[in-house]
Amino acid sequence: MNNTDDRDLFSNSDNTDDKDLFSYDNSNNIVEDGTTSFDLNSFSSKTASTTEEKNKKQKKKPKNGKRRAAKVLLTLFLVGLITVSLVVGCFMFYAFTMVDGTMDENLNNLALNFTTTIYVDDGDGNYKEYRRLHGEYNRIWVDYLNPENVELPEDYDGIPQTLAKAFVAIEDKRFSEHEGVDWKRTIGAFINEFVPIYSSRQGGSTITQQLVKNLTDDKSQKASRKVREIMRARYLESKYSKDTILECYLNTIAMGHGTYGVEVAANYYFGKSVKDLSIAECACLAAITKSPTYYAPDDYPEENKERRNNVLYQMYDQGYITKEEYEEAKNTELEIVAEERVLSQNSVNSYFVDGLIDQVVNDLAEKYGYDEAHANQLFYNSGYKIYATVDTDMQAAAEEVFSDTSYAIEGSDGKKMTGGITVMDYEGNVKAIVGGIGEKNTNRGFNNATDAVRQPGSTMKPIAAYAPAIEQDLITYSSIVNDTKTSYNGWTPKNWYNSYWGNITVQYALERSVNSIPVYLVNKMTPQVSYDFLTQKLGITTLNSEDVNLSPLGMGGTNGGLTTLESAAAFAIFGNGGLYYEPSFYTKVTDQDGKTVLQHSTQPTMAISEDTATVMNHLLRTVVYGSKGTGAAAKSYISNMKIYAKTGTSNDQNDLWFVGGTPYYVASCWCGYEVQQAIPSKHSGIALKMWGNVMSKVHSGLEAKEFTDSSYAVEKYYCTSTGNLATDACPEKAVGWYRKSNVPSVCTSHSGTVLGKPGTEDTSSDESSSSSQSSETTSSAE
C-alpha cells in the first residue's frame, strides 16, 4: 500500500486550489441546481487543455466584472432606497405623532412687539407723526390687501402688490401652490448638503416657515427644530389664508439696522412710506432678507444691487412685471437715505416726550392695575398711537431759550443754576415743557418741570389764600385789611420790606406781595380749608401733612412744594372761568387697531365760580400793571394783550418763580439750584426774564385777544381809603371788580353821588393801587 495522503486520492498535482473542492462547471461557474458534480478531468495532471481553459477564463473575466459592479450599484441603491424609506417613514411617524405642530399665535391679532408712535396736531386739526419710541423691535404694522382677492378701497395705504410679489418671487415662488412646505426645495436642499447639486448652499424654507421662525424665535440648530417648523407651517396654512400669512411675514421680517417689517425699512432706507415705493425700491427691500447685514443697501450697495437685479428678473420671469418695467427698474439708481431722523426718533428725547412717557406709563398702571415695569414695557412694545398735546413750535421756542447757558448762573459752591417751565392752554393741555438749562443729554432723567418739588413762595398766595377767601365772600377786591404785626401761637409773619403798612386794600396787598394779609386770610378760613382747596380742587399732590399750617399756605414756605406743572394748572383757573383741568401730555392713546387704550378726561372741576375767577384775574393783572407791581417787567415781553401773574421767592431766596397767563396760554417758570442755596440778589428777576423770553416767542404773530369777563361779575369805582363804592366826593378812587353777589356798600365817609359804571376810558392805571402806601420804595425781594 502506497503512503499517499488524502489529497493524492483526488489529484497528484501540488498546484490544486482549495476552491476546486466546490462544484464548478467547465466554464468555471458554480452549479446552481444544488447538486454535487465532479469533473474528474479537473483533478488530472496538467494537460494541454489547461492553457486553453485559462485563456477562456481570462476572456470571460471582463464580463463578470461589469456584472458584479452592476450588482454592487443595484445593491447600494436598494439599500439606500430602503434606508431613505425607513428614515422618511420614521420621520413622518415622528412628525405626525410625536411633534406638536400647533401654535398659540393668532395671526389675526398678533401679540408682537411694535413701535409706539407719537402724533401731533399740525395746526389745521390734522395729526402728523412726531416721534417713534420702541424697545428691542422697531416695527410698524401695515395692512396688506391682495387686489386679486378683494377690491381695494380708494384710500388704501397698505403694502402694495408689487412689494408683496417681489418677496414671493425671490423667497418662495411656489407660495400660492404649497401647503406650508415646498417639498421639492426641502428635499433638494437636503440632498445638496451631501451631494453638491447646486452651486451654493440652498435654503428650503418657505415664506410660511420663515414666518414661524419669526414668531417663535426658535433658533435651535437641531433637526427637531426643523421638524417643528415644518409642522407649524402646515398648521398655519390650515388655519389662515395666504394673504394673512404674507401680511404677517412682511410685518415681522428683520430688515437690518434694527428695523423690522417693510414699513420701517421703507422709512429708514428711502424716507418714505411703503405705499410709495417704486418697483426698484420694492426689489431692493426684498433683496435684503437673505442676509440683512450683508445686503443692506447703505452698507453694501453693490451686493444689494446684484441681488436686487436677481429679484427683478425673477419678478419678470414669473410674470409679475413686464419686460419694460424690468429694464427700467434694473437701470434705476436708488437714492438711499438711511438716517435715523427719517424714523422720527432721536437718541435723546425732549423733556416733553419724557413727560409724556411718564404720564402714559403711570396711567396704564393705574387704569389696568399693572406694575410700573410691565406698564413701561407695554409703552415701548405695544405699537400704541399716542395723540400728544405738544405744539412743536412752542416746544422749540422754549428749548431755544433754556438752551442758553448764560442763564446757568454759578452759585457760591460753583454749581450751575437750573430751572424749568411748563406752558399749557386753558384746558390742561401741555404745549411746551423744559426741565433744565443747557443741553439735555439723557432720557427720562430728572425733569425740573415735573419732578422738582420746590417751595412756591408768594405764588402760593393767590391759590391758597385770596381765591378761596373771595369765593367764600370773606373779602372783596377792595376790602380794607390791616397789615400789622400779629402773633399766631407764638409765630409772627414778617414782610419782605421789614415793616407794616397798616390799613391797605386787598388789591394793594396782592400787588405788593404783602405777607401778613394772606396769613391772616388762611387763619380766618383755617389752614385745613385752604389745604383741602389746593389738594381737592386744584389737584396738587406734592404737599404733605406738615403743610397744613399758616406759613406754608400763607407765605409758600412749604415742607413739600409745587412743580411748574402743577403750578401752571392751578393758575389756569384765573384765565378760564374757574375751571381746573388735570394737566395732560396726550388726548388719547389707541392700539394698532384704533381701539382706545387711554382717554384723557376733558371734564373739568369747578374750582372757583366764574365771577371769582374774573375778580382774581383783574387782581393779578395789577401785579404786572400796578405802579408798584412786583411783576411789572412782564408787560415788556407781550405788549398787545393783558397778562395776569404772580412772582414768588422762597425762604432765603433759594427758589425764584414767575407764573402768569395771557388770553392764550398760562406758564409757570422756576429757577434754582439742585442743592439749595441762595440765588444772588442781582439775579432775582431771572425767572420772570426766562418766562418772558419763552412767552414772547410763543405769542409772536398771534392776534390780540381779550380775557372773557363773567357776566356775574361787575366793575365799579371804589374809594381807595375806605374800600367801598366811590362817590363823586371821594378824593381818590380806582376801578375794582366784584362778584355781583358781594358788592361793597357805598362809601359814607365821603358824601356824594355814587359813581356809575366805569366808561370806556383807558383803565390800565385803574388796575394799580392809589392807597397811601403807593409812595413806598419798591424792592425786588418779597
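Residues numbered from 1 in each chain as written. Predicted model: local features only at pLDDT ≥ 70, side-chain atom pairs only at ≥ 80, totals over all residues. Heavy atoms only, no water.

What about the packing of helix 4 (residues 207–216) against helix 6 (residues 242–252)?
- In contact at an axis separation of 9 Å, helix 4 and helix 6 are set at 50° when each is read in the N-to-C sense. Relative to helix 6, helix 4 is oriented oblique. Handedness of the helix 4/helix 6 crossing: left-handed. For the pair helix 4 and helix 6, contact is made by I207, T208, Q210, L211, N214 and L215 and by I245, L246, C248, Y249 and T252, respectively. (Axes fitted to C-alpha atoms, helices over the stretch in contact; angles between N-to-C directions. Helix = DSSP H or I, 4+ residues; strand = E, 2+ residues; numbered from the N terminus. Parallel < 35°, antiparallel > 145°, perpendicular 65-115°, else oblique. Left-handed = near helix turned anticlockwise from the far one by under 90°. Contact = heavy atoms within 4.5 Å.)

Overview of the pattern of salt bridges
- Under the defined criterion, the tally for this structure stands at 16 salt bridges.
- Note that E129 is salt-bridged to R132, the shortest N-O span being 2.6 Å.
- A residue is classified by how much of its surface remains accessible, and E129, at 30% relative accessible area, is partly exposed.
- For E410, the salt bridge is made with K416, and the minimal N-O distance between the two is 3.6 Å.
- E410 gets classed as partly exposed once you look at its relative accessible area, which sits at 48%.
- Each of K323, E327 and K330 takes part in one network of salt bridges that share partners. (Salt bridge = Lys/Arg side-chain N within 4 Å of Asp/Glu carboxyl O. Buried < 20%, exposed > 50% of the residue type's maximum accessible area, 1.4 Å probe, protein only.)

Here's the deal with a negative patch on the surface
- A contiguous patch of negative charge on the surface is contributed by D143, E151, E154, D155, D157 and D593.
- Structurally, D157 can be placed in the loop between strand 3 (138–139) and helix 2 (161–171).
- Residue classification places D157 among the partly exposed positions, given a relative accessible area of 49%. (Patch = residues over 30% accessible without salt bridge, like charges linked within 9 Å, V, L, I, M, F, W, Y side chains within 5 Å. Areas by Shrake-Rupley, 256 points an atom, 1.4 Å probe, with all protein chains shown as cover. Lys, Arg positive; Asp, Glu negative; His and termini not counted. Charge placed at Lys NZ, Arg CZ, Asp CG, Glu CD.)

Quick word on the sheet that holds strand 12 (residues 596–599)
- Spatially, 2-1-5-11-12 is the arrangement adopted by the five strands of the open sheet, whose pairing is mixed. The open sheet is flanked by strand 2 (127–133) and strand 12, the only strands paired with a single partner. Sheet twist, expressed as the mean angle between neighbouring strand axes with direction ignored, is 20°.
- Two strands pair when backbone bridges link them, and strand 1 (residues 116–121) and strand 2 are joined in this way by six bridges, in the antiparallel orientation. (Pairing = 2+ DSSP bridges.)

Considerations on the environment of G355
- Note on placement: G355 falls in helix 11 (residues 351–368).
- It is 8.4 Å that separates the C-alpha atoms of G355 and I433, two residues lying 78 residues apart in sequence.

Observations concerning helix 6
- In terms of burial, helix 6 is a largely internal element, eleven of the eleven residues being buried.
- Taken residue by residue, helix 6 has K242, D243, T244, I245, L246, E247, C248, Y249, L250, N251 and T252 as its buried positions.

Structural notes on the side chain of D547
- The topology assignment puts D547 in the loop between helix 17 (527–537) and helix 18 (550–555).
- Look at D547: it is buried, it has no salt bridge, and the nearest opposite charge is R454 at 13 Å.
- Within the local environment of D547, its side chain forms a polar contact with the backbone nitrogen of N559, the two atoms lying 2.4 Å apart.
- At a separation of 3.0 Å, a polar atom in the side chain of D547 contacts the main-chain amide nitrogen of G560.
- Dropping the residues within four chain positions of it, D547 is found in contact with Y531, P552, L553, T558, N559, G560 and G561. (Polar contact = N/O pair within 3.5 Å; in protein donor to acceptor, adjacent residues only side chain to side chain.)

Side note on the pairing of strand 11 (residues 586–590)
- Pairing analysis gives four bridges linking strand 5 (residues 385–388) to strand 11, with the strands arranged antiparallel. Each residue of the ladder has a partner; that of I386, found in strand 11, is V589.
- Relative to strand 12, strand 11 runs antiparallel, the two sharing three bridges. Across the sheet, T590 pairs through a bridge with T596, a residue of strand 12.
- Taking the residues that link successive antiparallel strands as the turn, the strand 11-strand 12 hairpin has five residues, and the phi of G594 there is positive, at about 90°.

Concerning the sheet that holds strand 15 (residues 655–661)
- If you walk across this open sheet you meet the five strands as 7-6-16-15-14, and the pairing is antiparallel. The open sheet has two edge strands with one neighbour each: strand 7 (430–434) and strand 14 (644–649). Averaged over all adjacent pairs, the angle separating strand axes in this sheet is 5°, with direction ignored.
- When strand 14 meets strand 15, the two strands line up antiparallel, connected through six bridges. Note on strand 15: the bridge partner recorded for T647 is F658.
- Running over the sheet, helix 13 (residues 392–402) touches strand 6 (418–424), strand 7 and strand 16 (666–672) and is turned about 20° from strand 7.

Let's talk about the confidence of the model for the protein
- Confidence along the protein averages 86 in pLDDT terms, with 83% of residues attaining 70 or more.
- In the predicted structure, residues 760–766 sits below a pLDDT of 50 and forms five contacts with residues beyond four places in sequence or in another chain.
- Segment residues 768–781 is flagged for pLDDT under 50; beyond a separation of four residues in sequence, or across chains, it makes 32 contacts in the model. (pLDDT = per-residue confidence, 0-100.)

Quick look at a nonpolar patch on the surface
- A surface patch of nonpolar side chains, amounting to about 600 Å² of accessible area, comprises L74, F77, L78, L81, I82 and L86.
- Relative to the assigned elements, I82 resides in helix 1 (residues 49–98).

Examining the nonpolar core
- Grouped together as the largest cluster of nonpolar side chains are 135 residues, with contacts concentrated most on I463, L534, L538 and F574.
- Among the elements that line this core, the one with the most residues is helix 11, at nine residues.
- With sequence-adjacent residues up to four places away left out, I463 is seen in contact with P468, F533, L534, L538, I540, L562, A570, F571 and F574.
- Among the nonpolar cores identified, the runner-up in size contains 58 residues, and L215, A280, A296 and I321 belong to it. (Core = buried A, V, L, I, M, F, W, Y, C linked by side-chain atoms within 4.5 Å.)

Quick word on unusual backbone geometry
- In this model, N498 sits at a positive phi of 60°, which is unusual for a non-glycine residue.
- Tracing the backbone through its elements, the reader meets N498 in the loop between strand 8 (480–483) and strand 9 (502–505).
- On the accessibility criterion, N498 (70% relative accessible area) is exposed.
- Even without being glycine, Q653 reaches a positive phi, approximately 55°.
- Mapped onto the elements, Q653 comes out in the loop between strand 14 and strand 15.

Observations regarding the packing of aromatic side chains
- For the structure shown, the criterion picks out 24 aromatic pairs.
- Note on Y477 and Y718: the rings are 6.0 Å apart at their centroids and 65° apart in plane angle, and the pair reads as edge-to-face. Of this pair, Y477 sits in the loop between helix 14 (460–471) and strand 8 while Y718 sits in strand 17 (residues 713–719); the two residues are 241 residues apart in sequence, bridging distant segments of the chain. Neither Y477 nor Y718 differs from the other in exposure class; each is buried.
- Taken together, the ring pairs connect W496, Y497, W501 and Y508 into an aromatic cluster.
- Lying over the aromatic face of F114, R139 brings its terminal NZ or CZ to 5.2 Å of the ring centre. (Phe/Tyr/Trp six-rings, centres within 6.5 Å; stacked < 30°, edge-to-face > 60°. Lys NZ or Arg CZ within 6 Å of the ring centre and 35° of its normal.)

Notes on the packing of helix 2 against helix 9 (residues 301–317)
- Here helix 2 crosses helix 9 at 100°, and the two axes come no closer than 8 Å. Classed by the angle they form, the pair helix 2 and helix 9 counts as roughly perpendicular. Across the interface between the two elements, T162, K165, A166, A169, I170 and E171 of helix 2 pack against R307, N310, V311, Q314 and M315 of helix 9.
- Residues that form the contact of helix 2 with helix 9 fall into these classes: five nonpolar, three polar and three charged. (Nonpolar A, V, L, I, M, F, W, Y, C, P; charged D, E, K, R; others polar.)

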